[in-house]
Amino acid sequence: MGIFGRLSEENTKQREEEKQTLMMMSEKELMVEILLELKKLNKQSKKIARNQVTWSD
């Protein structure tokens, strides 16, 4: 098995572990996790947009 096979296997294993963790959470905990992730993504997209404006000038 090559390096990419191991990375793929690791990613799959990590995803399954994360899935199990999320399945154990209550609905309220899950909603809080979703909101925190969305806020993080929003912050990253704003940062990317600012960088695009900076580099396009």
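Structure report, in brief. (Residues numbered from 1 in each chain as written. Predicted model: local features only at pLDDT ≥ 70, side-chain atom pairs only at ≥ 80, totals over all residues. Heavy atoms only, no water.)

## Considering the overall build of the protein
1) Next: Along the protein, the regular secondary structure elements total two helices and zero strands.
2) Next: Its C-alpha atoms give the protein principal-axis dimensions of about 45 × 40 × 5 Å.
3) Next: Residues counted as buried form 0% of the 57 residues belonging to the protein.
4) Next: Within the structure as shown, the protein displays about 6,000 Å² of accessible surface, and the carbon and sulfur contribution to it stands at 59%.
5) Next: Seen as two clouds, the 11 positive and the 10 negative side-chain charges of the protein have centres 7 Å apart. (Helix = DSSP H or I, 4+ residues; strand = E, 2+ residues; numbered from the N terminus. Buried < 20%, exposed > 50% of the residue type's maximum accessible area, 1.4 Å probe, protein only. Areas by Shrake-Rupley, 256 points an atom, 1.4 Å probe, with all protein chains shown as cover. Lys, Arg positive; Asp, Glu negative; His and termini not counted. Charge placed at Lys NZ, Arg CZ, Asp CG, Glu CD.)

## Overview of the pattern of salt bridges
1) Next: Summed over all chains, the structure comprises one salt bridge.
2) Next: The residue Glu37 makes a salt bridge to Lys40 at a minimum N-O spacing of 3.5 Å. You can see Glu37 and its partner Lys40 sitting in helix H2 (residues 27–56), three residues apart, about one turn around the helix.
3) Next: Residue classification places Glu37 among the partly exposed residues on the basis of a relative accessible area of 39%. (Salt bridge = Lys/Arg side-chain N within 4 Å of Asp/Glu carboxyl O.)

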